[in-house]
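# Summary of structural features
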Amino acid sequence: MDPPTMWRATTVQACGLWPFAAGSSAPMTGVPLGQHLDTGATVCGDPISWFTRARYISNPSLFMLGMPGLGKSTLVNRMLIGLSATGVVPLVLGDLKPDYADTVRALGGQVISIGRGVGGINVLDPGAMGAAAARIGGAAGRGLTAETHGRVLNMVAALISVVRSKPMDDHEQSVLSAALHHLRERTPNGRAPLLPDLLRVLQEGPDRVRAVTLDRGDDSRYRDAVDPLHRSLLGILDGPLGDTFSSETSTRIDPDSPAVCIDISRIGEADTQLTAAAMLATWSDGLGTVAASHALADAGLAPRRWFFTVLDELWRPLRAASGIVDRIDALTRLNRSLGLGDAKITHTLKDAEALGSESDRAKARGFVERAGMVVCAGLPRTEMEELGRVVGLSKREVDLVSSWSSPPGWAVTGGHEEPPGRGRFLIKVGGRPGIPIKVAITDTERRLHNTNSRWTGGKTSQGTSVAGGWEGTS
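Definitions and cut-offs
- Residues numbered from 1 in each chain as written.
- Predicted model: local features only at pLDDT ≥ 70, side-chain atom pairs only at ≥ 80, totals over all residues.
- Heavy atoms only, no water.
- Helix = DSSP H or I, 4+ residues; strand = E, 2+ residues; numbered from the N terminus.
- Contact = heavy atoms within 4.5 Å.
- Core = buried A, V, L, I, M, F, W, Y, C linked by side-chain atoms within 4.5 Å.
- Buried < 20%, exposed > 50% of the residue type's maximum accessible area, 1.4 Å probe, protein only.
- Axes fitted to C-alpha atoms, helices over the stretch in contact; angles between N-to-C directions.
- Parallel < 35°, antiparallel > 145°, perpendicular 65-115°, else oblique.
- Left-handed = near helix turned anticlockwise from the far one by under 90°.
- Phe/Tyr/Trp six-rings, centres within 6.5 Å; stacked < 30°, edge-to-face > 60°.
- Lys NZ or Arg CZ within 6 Å of the ring centre and 35° of its normal.

## Considerations on the environment of leucine 180
Locating leucine 180 in the fold gives a position in helix 6 (residues 170-186). Separated by 28 residues in the primary sequence, leucine 180 and valine 152 have C-alpha atoms spaced 8.5 Å apart. With sequence-adjacent residues up to four places away left out, leucine 180 is seen in contact with Leu124, His149, Val152, Leu153 and Leu198.

## Quick notes on the nonpolar core
Membership of the largest hydrophobic core comes to 77 residues, with the highest contact counts inside it found for Leu198, Phe245 and Leu387. Examining the composition of this core, we find that 10 residues originate from one element, helix 11 (residues 272-298), more than from any other. Setting aside residues no more than four positions away along its own chain, leucine 387 makes contact with Leu65, Leu349, Val368, Cys376, Leu379, Gly392 and Leu393.

## Observations concerning the packing of helix 5 (residues 138-164) against helix 6
Two measures define how a pair of helices packs: the angle their axes make with one another and the distance between the axes. Close contact between helix 5 and helix 6 brings their axes to 10 Å; oriented N to C, the two are set at 130 degrees. As summarised for this structure, helix 5 and helix 6 are arranged oblique, according to the angle between their axes. Between helix 5 and helix 6 lies a crossing of right-handed hand. For the pair helix 5 and helix 6, contact is made by Thr145, His149, Val152, Leu153, Val156, Ala157 and Arg164 and by Glu172, Gln173, Leu176, Ser177, Leu180, His181 and Arg184, respectively.

## Some points on the packing of aromatic side chains
Note on aromatic pairs: each is described by the distance of the centres and the angle between the planes. Going through the model one piece at a time under the given rule, you end up with 1 aromatic pair. With 5.3 Å between their ring centres and 80 degrees between their planes, tryptophan 50 and tyrosine 56 make a pair best called edge-to-face. Between arginine 210 and the ring centre of tyrosine 222, over which it is positioned, the NZ or CZ distance is 4.3 Å.

## Let's talk about the side chain of serine 232
Checked against the element boundaries, serine 232 lands in helix 9 (residues 219-238). Of the residues examined, serine 232 reaches a relative accessible area of 8% and is grouped as buried. Once residues lying within four places of it in the same chain are set aside, the contact partners of serine 232 are Ile160, Val163 and Arg164.

Here is the structure:
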């Protein structure tokens, strides 16, 4: 049967045709997402609009779970486009596939590629924060410079933790901090020091660094204190991370760009060390740009801007190194004060169970508990029941989302049949009833966001590939 023509009117105009006078209306604040599955009403929402304008949520964050291929990143991509139209700056700090690079280009934003032979990041470069400190000057500029030192220190310590697969000792961080202070004072203005320069400081052993090691004039005591740190830095420079982090930053983030995507898709999935290091470096650089923007706005030198970060395929960086969990944990706790909304996307809650320590697993579970919005695509019943213990799902909601995880039927004609859950989502906020929606993407979105691009757009010996499936040829 052909579906009837749909008309929309107010309850005054269509009071006799629409008998459901009482009930909850769909939220209309934020990015238009799709239609309510039960009423057909338009549903709008995003973590920033629901935090700032509607005040539905107390934390501007979104956590999304669902099986692959059901449209999770497509929905976040729509939020990214809609928020950009309101002046919010999307930041995709580590695009692993990439899923968002084409969208950022279409928005007139900046796409930076990081990987071996493609581009690198100088983790000692103060970047946008250093430039903002020099521009602001005075006490505020000095405070920002001190914050820059702490960010660089944490980044180098994170790289060393990735190489060692364990955190640095406390006294080593003191030595590293003293070496970075000495290096900054000796580096000419307009030039950023490099990791090889830091290695030379440890080799030379200036008085400021020796004083922290308590060598008491004994060179052998100094070498015993700094040799483990020395070896780890050599492991960075001469190991798998050296090409990416040993030279100048290939392309700096443009603080005035309407959108930014740092593409790390050239790094192979098996290269977990470089993936972890690249993610940590891009987050440090991106959040430094956010801090610089706010500092300039506080000083009256730039307009106030809000930011929206996207972290897709969360399971990959979580498993790469324990330092990643701490960094995401800190971000989710501070994003309200940073003027920063975020979206984190993964497959299931079991991704957190694969982490090495119980403390890391507890922190990862906390991402869901603290999220202002939780969005579910198709998930198996066991996953939904476990999620229900965290966000409070009713039996009907569990049944609904579980039904979306079913595979498509066997198409006897050889045509393409979509999974029943593709484009369907349940939005949960606190103890409110969930909002089930159906998202229909536009041709422009389909062109910009094709996560099956390796399987489409060309011909093979098996047939002609078409968007979303295969069309056999005889």
